[in-house]
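Structural description and commentary
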Amino acid sequence: MKFMLIEEVVRDRGSDELYSVPASATVGDAVDEMCQRELGAVLVMNEEQLVAGIFTERDLMVRVVRAGLDTRTTPLSLVMTREVCFVSPGTTLEAAMALMHLRKLRHLLVIDGPVVHGLVSMRDLVYQVVRHGQERVEDAVREARAGAPATPSASAPTQPHTS
């Protein structure tokens, strides 16, 4: 299987729209946008329309709800994640997943210089792995039906090597 690039994941999601809220918004504004669009995160943009941060469901739970803050009066800029991890469009799906796992992230910004290409979630990446994994299974079934020899892993289980 060829390596899938993050730019393909962004393109395959079916929507080029990137949802964001201004840094001057309240937490309530961001939550309204997230609920209306069924999103787990939104980008937070500054006055120059540059990414100032990201606001996620985790930020809401840990920095707002747990702290007992009022969503209607709390400025988003006080509780957003300022250090946004990102990858370039040419990053492989596997490398992005590894980064997300190691850094315990659910979302990655996809940028190329100043150009924002999208925001991908772990769910987006897992979907691609499952989808392409299914294609590999279907290819193996087709080969087996065509009379191709079975691989050792597809036939009987092998015994572990013991010393």
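For the structure itself, look to the data block above.
These lines cover the structure that appears in this document, whether it is placed above or below. (Residues numbered from 1 in each chain as written. Predicted model: local features only at pLDDT ≥ 70, side-chain atom pairs only at ≥ 80, totals over all residues. Heavy atoms only, no water.)

1. A few points about the pairing of strand E2 (residues 41-45)
In terms of burial, E2 is a largely internal element, five of the five residues being buried. Side-chain alternation along E2 places Ala41, Leu43 and Met45 on one buried face and Val42 and Val44 on a second face that is also buried. Sheet topology note: the strand E1 (residues 20-22)/E2 ladder contains three bridges and is parallel. Within E2, the position partnered with Ser20 by the bridge is Leu43. With helix H2 (residues 27-37) bridging E1 and its parallel neighbour E2, the resulting β-α-β unit is right-handed. Counted along the chain from E2 to the antiparallel partner strand E3 (residues 51-56), the turn is five residues long, and its residue Gln49 has a positive phi close to 65°. (Buried < 20%, exposed > 50% of the residue type's maximum accessible area, 1.4 Å probe, protein only. Helix = DSSP H or I, 4+ residues; strand = E, 2+ residues; numbered from the N terminus. Pairing = 2+ DSSP bridges. Right-handed = clockwise from strand over helix to strand, strands pointing away.)

2. What to know about helix H5 (residues 93-103)
Considered for burial, the residues of H5 that qualify are Leu93, Ala96 and Met100. Taken end-on, H5 shows its buried residues confined to a sector of 65°, consistent with a single buried face. The exposed residues of H5 that point more than 90 degrees off its buried face are His101 and Leu102. Lys104, located one to two residues past H5, shows a positive phi value of around 60°. (Arc of directions from axis to C-beta.)

3. With respect to a nonpolar patch on the surface
Together, Met61, Val62 and Val65 make up an exposed nonpolar region whose accessible area comes to about 270 Å². Mapped onto the fold, Val62 is located in helix H3 (residues 57-65). (Patch = residues over 30% accessible without salt bridge, like charges linked within 9 Å, V, L, I, M, F, W, Y side chains within 5 Å. Areas by Shrake-Rupley, 256 points an atom, 1.4 Å probe, with all protein chains shown as cover. Salt bridge = Lys/Arg side-chain N within 4 Å of Asp/Glu carboxyl O.)

4. A short note on the sheet that holds strand E6 (residues 115-121)
The strand order across the open sheet formed by three strands is E4-E5-E6, and the pairing between neighbours is mixed. Only two strands of the sheet have a single partner each, and these edge strands are strand E4 (86-87) and E6. Bridging between E4 and strand E5 (residues 107-112) involves two bridges; their strand directions are parallel. By the bridge assignment for E5, Phe86 is matched with Leu109. Packed onto the sheet, H5 meets E4, E5 and E6 and runs at close to 130° relative to E5. (Contact = heavy atoms within 4.5 Å. Axes fitted to C-alpha atoms, helices over the stretch in contact; angles between N-to-C directions.)

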